[in-house]
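Structural features, examined
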Amino acid sequence: MGPLLLVLLLALILFGAGFALKILWWVAVVVLVVWLVGFVARGTHASGSRNRWYRW
């Protein structure tokens, strides 16, 4: 009974980690898209040089 519970617990942990990693991949894709849109759509100064769209 102990090894069976251990295998079930391991499967549950790996399933949870896989789900969390999939969510993190989607978050990373969304952040990349937002960064690319901000990079392309940044404004310009009066002198014609491009402005940074982020604060840091």
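Everything discussed here concerns the structure shown above.
So, here is what we can say about the structure in this document.

1. With respect to the overall build of the protein chain
Helix and strand counts for the protein chain come out as one helix and zero strands. Here the protein chain holds 56 residues, and 2% of them are scored as buried. Per element, the accessible surface of the protein chain, about 5,400 Å² overall, is 79% carbon and sulfur.

2. Structural notes on a nonpolar patch on the surface
A cluster of nonpolar residues, Leu 32, Trp 35, Leu 36, Phe 39 and Val 40, forms a patch on the protein surface that exposes about 490 Å² of accessible area. Turning to its location among the elements, Val 40 is positioned in helix 1 (residues 2-40). What makes Val 40 exposed here is its relative accessible area of 61%.

Quick notes on the rules
- As a convention, each chain's residues are numbered from 1 in the sequence order in which they are written.
- In keeping with the predicted nature of the model, local features appear solely for residues at pLDDT of at least 70, side-chain atom pairs appear and are counted solely at 80 or more, and the whole-chain, interface and lining totals rest on all residues.
- Calculation of side-chain values draws on the structure's entire complement of heavy atoms; hydrogens and water are dropped beforehand.
- Helix and strand labels come from DSSP, where a helix needs a run of H or I of at least four residues and a strand needs a run of E of at least two; each type is numbered from the N terminus.
- Relative accessibility thresholds used throughout: buried, under 20% of the residue-type maximum; exposed, over 50%; partly exposed, between the two (1.4 Å probe, protein chains only).
- With residues, only the protein chains shown are counted as cover, and all accessible areas are computed by Shrake-Rupley using a 1.4 Å probe.
- Think of a patch as exposed residues, more than 30% relative accessible area, with no salt bridge, where like charges cluster within 9 Å and nonpolar side chains (Val, Leu, Ile, Met, Phe, Trp, Tyr) cluster within 5 Å.
- The term salt bridge refers to a side-chain nitrogen of Lys or Arg lying within 4 Å of a carboxyl oxygen of Asp or Glu.

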